[in-house]
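Fold and contact review
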Amino acid sequence: MAWNTIVKGPAEKASAVVGDYDAARSAFSWEAARAELDGLPNGGLNIAYEALDRHVARGRGERVALRSVTKDGAVEEFRYADLTVRTNRFANLLRDLGVGRGERVFSLLGRVPALYVAALGTLKAGSVFAPLFSAFGPEPVRTRATLGDARVLVTTEAMYRRKVEPWRHMLPGLRHVLLTGGMSASAEGCIDLDAALPAAGADFAVVPTAPEDMALLHFTSGTTGRPKGAVHVHGAVVAHHATARMALDLLPGDVFWCTADPGWVTGTSYGIIAPLTVGATMVVDQGEFDAERWYGILERHRVTVWYTAPTAIRMLMKAGEEPARRHDLGALRFLASVGEPLNPEAVAWSHRVLGRPFHDNWWQTETGGIMIANLAAMDVRPGSMGRPLPGIDAAIVERTPDGGVRVVDSPMTAGELALRRGWPSMFRGYLGEEERYCRCFAGDWYLTGDLAMRDADGYFWFVGRGDDVIKSAGHLIGPFEVESALLEHPAVAEAGVIGIPDPVGGEAVKAFVALKPDWTAGDELRHDLLAHARRRLGPAVAPKELEFRAGLPRTRSGKIMRRLLKARELGLPEGDLSTLESDER
Ligand code: ATP
Ligand code: MG
């Protein structure tokens, strides 16, 4: 594969936390990374203490921790000192209710300030926080609350009525429902959180959790099947902190906007914990995606570091260049993307239109934090996920017949992406699925289930999820490469590619394409797109069939659900759709 490296000037690299990749890699140790945090006075380690109290203890309590933007654009600010007191009250409330260490506190909330207070207050109390995405319906909420043995649920009355009350009697272990944003007298068996908090004590001694104590329960996106509940521990905060500094170039005083919802791991690791441990100001938008709104937020809040996802970037591209040019985005210093492969076209677009390239990085719910990234100090190779962070060993491996794995050394050879176990934010289990957890490991290696390649300089290139890869006439075809080629065509807004049975090749490539505004689907355009793909990819890899759709099926975290395209194409069962969001056909 050829690539056009974006060579960055010294000024663009100057602010980097990591000055030189190789030097940082050899100097790095997780012990030293832990020493950058304070730890509890009595020797324990607690995520919430590192996020809030330690800043207050060090005289930084007056800084703004959270700037919350409501749907209608109003702004509410919370200093580190404010959040420290509010989370103390929340922890005291849990204690008063008899909620114990290790017990699960679920949230089902939009990105309102109460969500952030509940998350960090729960961690202070030594209980386990399990965030759910607020758009989930009753069934996905019930299955996750059951699997996670929810003791407490924090939500609003409207969501409680629709999504929890119908099945609450089936879950007697769910002892307390806390409602924020107002509560009517008829909400039986619930507690008015907004009234209870001011009555709870303002001082709280953070529970001295040990690094291996369970802190978070995070459900995966459900892109490939039934979502799994990944268990994370307090020690993960060492990785949240260090990786945010290295991969997001995040510094104290930065204005940081992570657009992910805390219902997904990105929205917790980097939408709550990491920016606070670093001492940044985080912007949280309670509204939904809208190009004009988003550019407005970047401009008005002088966002310096921005972390978003390819789906959003593709939507910005679809909205055209004009809205971007109308806003002053001059405060932006570093742009990062995660969640799905970032097409080279999107990197080139942002470099041209926003004045900065997006830096792709790769990780999973299971890894708890960023593992591979295009660091600020590195030149960007559009289409590559970047290089493993200092402290992370990544390799391409091949499974061997004896159940082990072998490292593949030859460059640009596709194989499974594996990570050497032992970084602090690695998941410690899939709740209730011990066997599935064990199957993720071979000796020293954690097997990610993603296929990738490594080039001679150590950059990693995403090929596809193990389940999505297409085998055609002896070739291994990654959907990403085909989709990226289609996206280069001016008509294409989104593309999703699957394998369909083919009598000759075993499998053939079929593409589903959504068009930009102003383009009309038709046979002529179809032929044009297929010819474009053949020119770019060659006949062995290019799609044989192409179908137009209004949009592609996506998970609520914004990932294209190729397995659903495939199930429908082949008339197979559609599987777990609890995380399906948009599905315009
Ligand atoms: P499930 O495991 O339930 O199928 P999921 O894997 O989508 O869902 P997440 O943990 O939210 O759940 O997503 C991690 C996955 O997202 C990665 O394994 C990878 O397939 C994809 N991904 C994340 N970042 C990138 C990236 N930069 N490039 C390519 N793929 C990425
Ligand atoms: Mg996964």
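Residues numbered from 1 in each chain as written. Chains lettered and ligands numbered in written order. Predicted model: local features only at pLDDT ≥ 70, side-chain atom pairs only at ≥ 80, totals over all residues. Heavy atoms only, no water.

Moving on: the UniProt feature "domain: AMP-dependent synthetase/ligase" (unreviewed entry) in the protein chain. The sites that carry the UniProt feature "domain: AMP-dependent synthetase/ligase" (unreviewed entry) are, in the present numbering, residues 55-431. End C-alpha to end C-alpha, residues 55-431 measures 33 Å, and it is 30% helix and 23% strand. (UniProt positions renumbered as here; feature names shortened; annotations may be inferred. Helix = DSSP H or I, 4+ residues; strand = E, 2+ residues; numbered from the N terminus.)

Let us now look at the nonpolar core. The biggest cluster of nonpolar side chains holds 109 residues, and the ones touching the most others in it are Leu248 and Tyr307. Beyond its immediate chain neighbours, meaning those up to four positions away, Leu248 contacts Thr243, Phe256, Tyr270, Val305, Tyr307, Phe334, Ala336, Asn361 and Ile370. In this structure, Val69, Val255, Trp306 and Leu316 belong to the second largest nonpolar core, which totals 28 residues. (Core = buried A, V, L, I, M, F, W, Y, C linked by side-chain atoms within 4.5 Å. Buried < 20%, exposed > 50% of the residue type's maximum accessible area, 1.4 Å probe, protein only. Contact = heavy atoms within 4.5 Å.)

Glancing now at the packing of aromatic side chains. Following the criterion strictly, the structure yields 19 aromatic pairs and no others. With a centroid separation of 5.2 Å and 80° between ring planes, the pair formed by Tyr270 and Trp363 is classed as edge-to-face. Within this pair, whereas Tyr270 is found in helix H11 (residues 265-278), its partner Trp363 is found in the loop between strand S14 (358-362) and strand S15 (372-373), the two being separated by 93 residues in sequence. With respect to class, Tyr270 is no different from Trp363; both count as buried. Here Phe427 and Tyr437 contribute two aromatic rings whose centre-to-centre distance is 5.0 Å and whose plane-to-plane angle is 85°, an arrangement assigned as edge-to-face. Of the two residues, Phe427 sits in the loop between strand S19 (415-420) and helix H16 (434-438) while Tyr437 sits in helix H16, which places them 10 residues apart along the sequence. (Phe/Tyr/Trp six-rings, centres within 6.5 Å; stacked < 30°, edge-to-face > 60°.)

Once that is clear, we can look at the side chain of Lys559. With respect to the helices and strands, the residue Lys559 is situated in the loop between strand S27 (545-548) and helix H19 (562-570). Nearest to the buried, unbridged Lys559 among oppositely charged side chains is Glu340, at 7.0 Å. Lys559 has contacts with Ser221, Thr223, Gly339, Glu340, Arg465, Pro553 and Arg554, leaving out every residue within four places of it along the chain. (Lys, Arg positive; Asp, Glu negative; His and termini not counted. Salt bridge = Lys/Arg side-chain N within 4 Å of Asp/Glu carboxyl O.)

This part covers the pairing of strand S3 (residues 104-108). Most of S3 is tucked away: five of the five residues are buried. Burial of S3 is two-sided: the residues Arg104, Phe106 and Leu108 facing one way and the residues Val105 and Ser107 facing the other way are all buried. One crossover worth recording links S3 to the parallel strand S4 (residues 128-132) by way of helix H6 (residues 113-124), and it is right-handed. Here S3 runs beside strand S5 (residues 150-155); their pairing, made up of four bridges, is parallel. For Phe106, the partnering residue across the bridge sits in S5 and is Leu153. (Right-handed = clockwise from strand over helix to strand, strands pointing away. Pairing = 2+ DSSP bridges.)

To continue, consider the environment of Ile396. Note on placement: Ile396 falls in strand S17 (residues 394-399). The exposure class of Ile396 is buried, given its relative accessible area of 2%. For Ile396 and Ala550, which are 154 residues apart along the polypeptide, the C-alpha to C-alpha distance reads 37 Å. Those residues in contact with Ile396 that lie beyond four places of it in its chain are Arg406, Val407, Val408, Thr413, Ala414, Gly415, Glu416, Leu417, Ala452, Met453, Arg454 and Phe460.

A word on the site of ligand 1. Contacts to ligand 1 come from 20 residues, most closely from Thr220, Thr223, Thr224, Asn361 and Thr365. Between ligand 1 and the protein, one listed contact pairs a nitrogen atom with a backbone N or O atom of Glu340 at 3.5 Å. For ligand 1, whose unbound accessible area comes to 630 Å², protein coverage reaches 96%. Looking at the shell around ligand 1, the elements with two or more residues in it are S14 and strand S22 (460-465). Residue composition of the shell around ligand 1, by class: five nonpolar, nine polar and six charged. (Near = heavy atom within 4 Å. Polar contact = N/O pair within 3.5 Å; in protein donor to acceptor, adjacent residues only side chain to side chain. Areas by Shrake-Rupley, 256 points an atom, 1.4 Å probe, with all protein chains shown as cover. Nonpolar A, V, L, I, M, F, W, Y, C, P; charged D, E, K, R; others polar.)

Here we take up the pairing of strand S1 (residues 64-69). With six of six residues buried, S1 lies mostly within the body of the structure. As paired elements, S1 and strand S2 (residues 75-79) share five bridges and run antiparallel to each other. Bridging across to S2, Ser68 finds its partner in Glu76. Where S1 folds back onto S2 in an antiparallel hairpin, the turn is made up of five residues, including Gly73, whose phi is positive at roughly 95°. In the sheet, S1 pairs with strand S11 (residues 281-285) via four bridges, with the strands oriented parallel. Opposite Arg67, over in S11, you have Val283 as the bridge partner.

Our next topic: the pattern of salt bridges. The full count for this structure, using the stated rule, is 48 salt bridges. For Arg79, the salt bridge goes to Glu62, with nearest N and O atoms at 2.5 Å. With Arg79 in strand S2 and Glu62 in the loop between helix H4 (47-57) and S1, this residue pair connects regions lying 17 residues apart in the sequence. For Glu62, a relative accessible area of 58% corresponds to the exposed category. Between Arg293 and Asp285 there is a salt bridge, with its nearest N and O atoms 2.6 Å apart.

Taken N-terminus to C-terminus, the directions of helix H5 (residues 80-96) and H6 make an angle of 60°; their axes are 8 Å apart at the nearest point. When the axes of H5 and H6 are compared, the pair comes out oblique. Here the hand of the crossing between H5 and H6 comes out right-handed. Together, Leu83, Thr84, Arg86, Thr87, Asn88, Phe90, Ala91 and Leu94 of H5 and Val117, Ala118, Leu120, Gly121, Thr122 and Lys124 of H6 make up the contact between the two elements. Broken down by class, the residue content of the contact of H5 with H6 amounts to seven nonpolar, five polar and two charged. (Axes fitted to C-alpha atoms, helices over the stretch in contact; angles between N-to-C directions. Parallel < 35°, antiparallel > 145°, perpendicular 65-115°, else oblique. Left-handed = near helix turned anticlockwise from the far one by under 90°.)

Two measures define how a pair of helices packs: the angle their axes make with one another and the distance between the axes. Here H4 crosses H11 at 40°, and the two axes come no closer than 8 Å. Between H4 and H11, the crossing angle belongs to the class labelled oblique. Once H4 is placed against H11, the crossing between them reads as left-handed. Residues Ile47, Glu50, Ala51, Leu52, Arg54 and His55 of H4 form the contact with H11, whose own contacting residues are Ile273, Leu276, Thr277 and Val278. Residues that form the contact of H4 with H11 fall into these classes: six nonpolar, two polar and two charged.

Considering every residue of the protein chain, the mean pLDDT works out to 95; 99% of them sit at 70 or more. Predicted as a complex, the structure gets a pTM of 0.95 and an ipTM equal to 0.99. (pLDDT = per-residue confidence, 0-100.)

This paragraph deals with the side chain of Thr220. Tracing the chain through its elements places Thr220 in the loop between strand S8 (214-219) and strand S9 (229-233). Judged by relative accessible area, which is 6%, Thr220 ranks as buried. Once residues within four sequence positions are removed from consideration, Thr220 is found in contact with Pro227, Lys228, Trp264, Thr365 and Glu366.

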